[in-house]
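Each chain, letter by letter, is given below.
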Amino acid sequence: MSVSRTFIDVRPLRTSPVFRRLLIGRTVSVLGSFMTMVTVMYQVWEMTHSAAWSGAVGLAQAVPLVCFGLFAGAWVDRGDRRRIYLAATVGQAVCSLLLALQAFTGHVPVAGVLALVAAQSACAAVGGPAAGVFVPRVLPKEQVASGLALYQVTAQSMMLIGPALGGLMLGWFGLGVCYLLDALSFLVAFHGAFGLPALPPEGEPSRAGLHGVVDGLRFLAGHRVVRGALVTDLAVTVLSMPASLFPLINEERFGGDPRTLGLFMSAVAIGGVAASALSGTVTHLGRPGLVMLCGAGVWGAALAAFGLMRSPWAGLGLLVVAGAADALSVLSRTTIVQTRTPDALLGRVTAAEQIVGQAGPHLGNMRAGLVAGATSGATALVTGGLLCLLAVVWVATSTPQLRAGVPVPESP
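Residues numbered from 1 in each chain as written. Predicted model: local features only at pLDDT ≥ 70, side-chain atom pairs only at ≥ 80, totals over all residues. Heavy atoms only, no water.

> Help me understand the overall build of the chain in this model?
In terms of helices and strands, the chain carries 18 helices and zero strands. Its C-alpha atoms give the chain a radius of gyration of 21 Å, within 12% of the compact-globule value 22 Å for 412 residues. Based on the C-alpha atoms only, the size of the chain along its principal axes is roughly 55 × 50 × 45 Å. Within the span of the chain, comprising 412 residues, buried residues form 52% of the whole. For the chain, the proportion of contacts with a sequence separation of at least 24, taken over those separated by at least 6, is 86%. With an accessible surface of roughly 17300 Å², the chain has 72% of that area assigned to carbon and sulfur atoms. (Helix = DSSP H or I, 4+ residues; strand = E, 2+ residues; numbered from the N terminus. Rg over C-alpha atoms; globule rule 2.2 N^0.38 Å. Buried < 20%, exposed > 50% of the residue type's maximum accessible area, 1.4 Å probe, protein only. Contact = heavy atoms within 4.5 Å. Areas by Shrake-Rupley, 256 points an atom, 1.4 Å probe, with all protein chains shown as cover.)

Pasting the structure below:
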């Protein structure tokens, strides 16, 4: 395979101005969201100096996704996805403006801050499924995986840059300006999607209310490939999410040096960026199920090995490997969802994917903390990684359709 086919496929950027605008808008919005994540955590800590309140930030983000996600997906599958996304983006921008206002005035209690975070997450629960149909509708089928890879590499890059930039902005300008920057980032995302044509569902629209949700769940239960993709992601997030263990592992194994702790998350992000940048091979391979299974298995094995490491440099190397494997697994899972789901159901299935991908890590961090409290950080990491690996093997053996694939056709 040529070198050009090894690096990320940039054909969507060359051939689709609409996709370019969407990508720019999404990238800027993701950057603003990571900056706000740091800003909210900092503000809540400064207001309470309580780890419980800091943990409640994640709860405020996860609960709306779980409670509203599938109903939002059914709504998305009944209307114009473009209009719904634009409305949700405006809602997120308004929440950021209100967060900025409370930061400037300083008169809102911590519960009010978390309520605004939850409201913004509820808007995201609607906007995410609506945006999930954009790439397969604006790109030809043979470029969908490449477009998703470009989404992935920019998101991973913003995950690496956003928290650090958020910390700098906090130090230079304070809370209010950081929230205002996030509001502006949503305006860029709004501009990116504004020029899209109307995007009603192709096929029979979703039934209203609970009936539409049940139809989406019935599809997930019956489609072995899509179901296997989401179950695999649950294995990765719920069984082996390591973030909550990093401070404890750093204390147990590496002397509690804050510089080492800071490198843990950076190592995962660096692996993700590198793998996404070199994703051309896997997007041309046309076997996303097999790539996803291998990536999820390597993630679990690398984290289990990290739990046994005494050398910080070897440990960081394993986290880079884990981050790279996870990035390829996520890219492949999203490709499966967006190419194997009928357009009329894509909002609901994307909502389910969003719940698994965003709420799952919170449950995984809780599981890891409980196991570590009863045993040790190393035990929680090793057992979680091995359980993830076993779950992936079970999915692979019970879902042969997920291992199969059809080569993606080349564009003329």
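> What is the right way to read a nonpolar patch on the surface from this model?
Together, Val-90, Val-94, Leu-98 and Leu-101 line one region of the surface with nonpolar side chains, adding up to about 320 Å² of accessible area. Structurally, the position occupied by Val-90 is in helix H4 (residues 81–105). (Patch = residues over 30% accessible without salt bridge, like charges linked within 9 Å, V, L, I, M, F, W, Y side chains within 5 Å. Salt bridge = Lys/Arg side-chain N within 4 Å of Asp/Glu carboxyl O.)

> How do you make sense of the nonpolar core when you look at a structure like this?
Nonpolar side chains tend to gather and get buried jointly when the protein is soluble and globular. Counting residues in hydrophobic clusters, the biggest one holds 71 residues, and the most contacted among them are Phe-134, Trp-299, Phe-306 and Leu-319. Setting aside anything within four residues of it in sequence, one finds Phe-306 in contact with Phe-246, Ile-249, Phe-254, Phe-264, Gly-315, Leu-318, Leu-319 and Leu-381. Listed in part, the 14 residues of the second largest apolar core include Val-57, Leu-99, Val-113 and Tyr-179. (Core = buried A, V, L, I, M, F, W, Y, C linked by side-chain atoms within 4.5 Å.)

> Sorry if this is basic, but what is going on with the packing of aromatic side chains here?
Each aromatic ring pair is characterised by the separation of its centres together with the angle its planes make. For the structure on display, the rule yields four aromatic pairs. Ring centres of Tyr-85 and Phe-134 lie 5.2 Å apart, and the angle between their planes is 80°; this geometry places the pair in the edge-to-face category. Of this pair, Tyr-85 sits in helix H4 while Phe-134 sits in helix H6 (residues 134–138), and the two are 49 residues apart along the sequence. For Phe-134, a relative accessible area of 1% corresponds to the buried category. Considering the side-chain rings of Phe-190 and Phe-194, the 5.7 Å spacing of their centres and the 25° angle between planes classify their relative orientation as stacked. Of this pair, Phe-190 and Phe-194 both sit in helix H8 (residues 175–194), four residues apart, which is roughly one turn of that helix. Phe-194 sits in the partly exposed class, given a relative accessible area of 47%. Geometry around Phe-194 places Arg-82 over its ring, the cationic atom sitting 5.2 Å from the centre. (Phe/Tyr/Trp six-rings, centres within 6.5 Å; stacked < 30°, edge-to-face > 60°. Lys NZ or Arg CZ within 6 Å of the ring centre and 35° of its normal.)

> I keep staring at the packing of helix H11 (residues 246–254) against helix H17 (residues 377–398) and nothing clicks. Help me out?
A packed helix pair is summarised by two numbers, namely the angle formed by the two axes and the spacing between the axes. Remark: H11 packs on H17, axes separated minimally by 8 Å, with the N-to-C direction vectors making an angle of 115°. Here H11 contributes Leu-248, Ile-249, Glu-252 and Arg-253 to the contact with H17, which in turn contributes Gly-377, Ala-378 and Leu-381. Residues belonging to the contact of H11 with H17 are distributed by class as follows: four nonpolar, one polar and two charged. (Axes fitted to C-alpha atoms, helices over the stretch in contact; angles between N-to-C directions. Nonpolar A, V, L, I, M, F, W, Y, C, P; charged D, E, K, R; others polar.)

> Help me out: how do you make sense of the environment of Gln-354 in this one?
With respect to the helices and strands, Gln-354 occurs in helix H16 (residues 346–374). Taking the C-alpha atoms as reference points, Gln-354 and Gly-132, 222 residues apart in sequence, are found 9.6 Å from one another. Setting aside its immediate chain neighbours within four residues, Gln-354 contacts Leu-65, Ala-124, Ala-125, Gly-128, Pro-129 and Ala-359.

Bear in mind that shape data such as this cannot, by itself, settle questions of function.
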